[in-house]
Amino acid sequence: MTAPSRATDRVLTVAAASTSLVALVMALAVAPPDAVQGQAQRLMYVHVPAAWLAYACFATVLVASVAYLLTRDLRWDRRAQAAGELGVGMTALAIALGSIWGRPVWGTWWVWDPRLVTTVVLLLVYAGYLSVRGLSDDRGTGARRAAAVGILGFVNVPIVHFSVVWWRTLHQPATVLSPDQTVLDGQMATALLLAVVAFTLAGWLVVRRRVRALALLDHEPEILDSEPVRPLVVTAQAQP
Amino acid sequence: MSPAAQVFAVARREFDVERAGREVTVTTAPYIAAFVVLAGLAFGPAPSELARTAAGTVWLAVLVAAVTVGHSVAGVEIAEQSWDLLRGSVDPGPLFVGKLLAVWAALGLAWLLVSALVAVLFAAPPPGSAVWAGVFGTLGLASLSTALGVLVATGTRRRGLLAALILPAGLPALLAGTQLTTPDVPALPWAVMMALYAAVLLTVSWAVFPALLEE
């Protein structure tokens, strides 16, 4: 496991900001509006990346939880916690944006649709994952329990993703990763891809910074490969 | 003592404790009866509505019963301060399997009871595929209840969290169980999903259980 580096943070910040800017221009100005849904379809460029990032975060929780149980290294637990927090936030964002998108397209804020319901349930599973950390005052015990729930909770993730395939649903089926190779307009696909990359980079950055904050809470600052902070030197100057 | 003998000893002890105290029976059976009667009042009284909601009622009741049963997984030992003794004298694997067998039996009986009540009161006899759901759905939920029951019972705070953990994670059992209990629904995909769910939860719960037993 490599130590976090401030130089990597800087690169990630620049990359995420520039990709976001290009994605914003592509999504709002270059990509055409949907022939059926009109301008409301542009919410796709935030809704889909938020959902993608949530999946990626939950996969990170799974991997980091397994790694923690195998190594008992708290750095893995901090990665799992940071990814879990971001995943919960991104799931909530995807649900909220989906609801806003659904209002003009479906005519309602909420429907009892399998994708919507399973996504809310996924949010509840990972909210439970974060709550488990408070079961005990002991840091190691809390990490162990959270790791167990982080592994058990991932069972629902494939069900949420494939819910639009398995059930008759109002929600649009997967377009980019569709098994039946549905074609997405080139400019739309480019804007979506850029937005996904921007969200991924920004999410990676957020997780890294949160991991560092959690390390400070554990009184175990993670090693940084940047130069040490120089002491403030005040020099007195004689009056002319 | 061989692992099989340890499993047998733990399971037998669980059944003896239940026979002596009737903890699970007394808390689960009246709850299920109340649930079915109240669901009938809420969804009925039109026979067509009751028939439509029967399958969902069965699996919602079983899912919530998994929370009740989950509280008993280590609850008795924690109350009697014998949990550490049990943990120290039995290997994690056999302890998990022994506890799981007891929870599976309790949930299986709960499923049988609620199915019978719904079949009679809702006038909705379940199809044959409901048996598959009953076997594998309760196995998956029992795995979940055993692992999460120990996890929450051995905590010092937030014991009420068990419901918030089990109910969302039991979603696949609720969905597949409801479909398999509904007449005229193609059973094969749901049966595969239910069996996969049970297999995955059984494996994962068994794998993480030793970590939950550590101090």
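Every value quoted in this text rests on a predicted model; they were computed, and no experiment measured them.

Analysis parameters
Residues numbered from 1 in each chain as written. Chains lettered and ligands numbered in written order. Predicted model: local features only at pLDDT ≥ 70, side-chain atom pairs only at ≥ 80, totals over all residues. Helix = DSSP H or I, 4+ residues; strand = E, 2+ residues; numbered from the N terminus. Rg over C-alpha atoms; globule rule 2.2 N^0.38 Å. Buried ≥ 20, exposed ≤ 12 C-beta atoms within 10 Å, placed from the backbone. Contact = placed C-beta atoms within 7 Å. Nonpolar A, V, L, I, M, F, W, Y, C, P; charged D, E, K, R; others polar. pLDDT = per-residue confidence, 0-100. Core = buried A, V, L, I, M, F, W, Y, C linked by C-beta atoms within 7 Å. Expected span 1.5 Å × (residues − 1). Axes fitted to C-alpha atoms, helices over the stretch in contact; angles between N-to-C directions. Parallel < 35°, antiparallel > 145°, perpendicular 65-115°, else oblique. Left-handed = near helix turned anticlockwise from the far one by under 90°.

### Looking at the overall build of chain B
- Helix and strand content of chain B: ten helices and zero strands.
- Helices and strands in chain B line up, N terminus first, as α-α-α-α-α-α-α-α-α-α.
- In terms of overall dimensions, chain B is globule-like: its C-alpha atoms have a radius of gyration of 17 Å, near the 17 Å expected for 215 residues.
- Seen along its three principal axes, the alpha-carbon backbone of chain B occupies a region of about 55 × 30 × 30 Å.
- In chain B, which comprises 215 residues, the proportion classed as buried is 48%.
- Counting contacts in chain B only where the partners sit at least 6 residues apart, residues at least 24 apart contribute 83% of the total.

### Considering the overall build of chain A
- Helices and strands together make up the secondary structure of chain A, namely seven helices and zero strands.
- Secondary structure elements of chain A, listed N to C terminal, follow the sequence α-α-α-α-α-α-α.
- When burial is assessed residue by residue, chain A has 38% of its 240 residues classed as buried.

### Notes on the interface of chain A and chain B
- Opposite the 23 residues of chain A that make contact, chain B presents 23 residues.
- With eight residues, helix α5 (residues 139-153) of chain A is the single largest residue contributor to the side of chain A that touches chain B.
- Of the residues contributing to the side of chain A that touches chain B, the split by class is 13 nonpolar, seven polar and three charged.

### Digging into helix α9 (residues 171-181) of chain B
- Of all eleven residues making up α9 of chain B, eleven are buried, and the element is well covered by its neighbours.
- By the burial criterion, the buried members of α9 of chain B are L171, P172, A173, L174, L175, A176, G177, T178, Q179, L180 and T181 of chain B.

### Quick notes on the confidence of the model for chain A
- Per-residue confidence for chain A averages 83 on the pLDDT scale, and 82% of its residues sit at or above 70.
- Highest mean pLDDT in chain A belongs to helix α2 (residues 44-71) of chain A (93); lowest belongs to helix α6 (residues 156-166) of chain A (72).

### Digging into the nonpolar core
- A148 and A195 of chain A together with V62, A66, L107, V114 and A147 of chain B are the most contacted members of the largest nonpolar core, which totals 134 residues.
- Broken down by element, the residue count for this core peaks at 16 residues, all from α2 of chain A.
- When sequence neighbours within four positions are dropped, the list of residues in contact with A147 of chain B reads A148 and L152 of chain A together with S205, V208, F209 and L212 of chain B.

### A few points about α2 of chain A
Residues and elements named next belong to chain A.
- Its 28 residues give α2 an end-to-end C-alpha distance of 40 Å, which sits within 8% of 40 Å, the value for a rise of 1.5 Å per residue.
- For α2, the buried fraction is high: 20 of the 28 residues fall into the buried class.
- In the stretch just after α2, R72 is the one whose phi turns positive, near 60°.

### A look at the packing of helix α3 (residues 74-106) of chain A against α5 of chain A
Residues and elements named next belong to chain A.
- Orientation of α3 relative to α5, taken along the N-to-C sense of each, is 55°, at an axis distance of 10 Å. Relative to α5, the element α3 lies oblique. For the crossing formed where α3 meets α5, the hand is left-handed. In this structure, α3 contributes L74, D77, A80 and G84 to the contact, and α5 contributes A143, A146, A147 and G150.
- A class-by-class count of the residues in the contact of α3 with α5 yields five nonpolar, two polar and one charged.

### Side note on the confidence of the model for chain B
Residue and element names in this part refer to chain B.
- Scored by pLDDT, chain B comes out at a mean of 87, with 98% of its residues at no less than 70.
- Per-element mean pLDDT across chain B ranges from 80 in helix α4 (residues 75-79) up to 92 in helix α6 (residues 92-121).
- Interface confidence for the predicted complex, given as ipTM, is 0.79, next to a pTM of 0.81.

### Comments concerning the packing of helix α7 (residues 129-153) of chain B against helix α10 (residues 188-213) of chain B
Residues and elements named next belong to chain B.
- At their nearest, the axes of α7 and α10 sit 9 Å apart, and the two run at 20° to each other. One element, α7, and the other, α10, form an angle in the roughly parallel class. Viewed along their axes, α7 and α10 form a crossing whose handedness is left-handed.
- Residues belonging to the contact of α7 with α10 are distributed by class as follows: 18 nonpolar, six polar and no charged.

### Quick notes on unusual backbone geometry
- At R72 of chain A, a residue that is not glycine, the phi angle is positive and equals roughly 60°.
- Along the chain, the position of R72 of chain A falls in the loop between α2 and α3.
- One non-glycine residue, D184 of chain B, lies in the positive phi region at around 65°.
- With respect to the element layout, D184 of chain B can be found in the loop between α9 and α10.
- D184 of chain B sits in the exposed class, given 6 other C-beta atoms within 10 Å.

### Some points on the environment of T138 of chain B
All names here are of chain B.
- With respect to the element layout, T138 can be found in helix α7.
- Overall, the presence of 28 C-beta atoms within 10 Å leaves T138 in the buried class.
- Expressed as a C-alpha distance, the spacing of T138 and A124, which sit 14 residues apart in the sequence, is 21 Å.
- In contact with T138, other than residues within four places in its own chain, are V62, W104, L107, G108 and W111.

### Looking at the environment of G44 of chain B
Residues and elements named next belong to chain B.
- With respect to the element layout, G44 can be found in the loop between α2 (23-43) and α3 (47-71).
- Separated by 108 residues in sequence, G44 and V152 have C-alpha atoms that sit 36 Å apart.
- Residues in contact with G44, not counting those within four places in the same chain, are E49 and L50.

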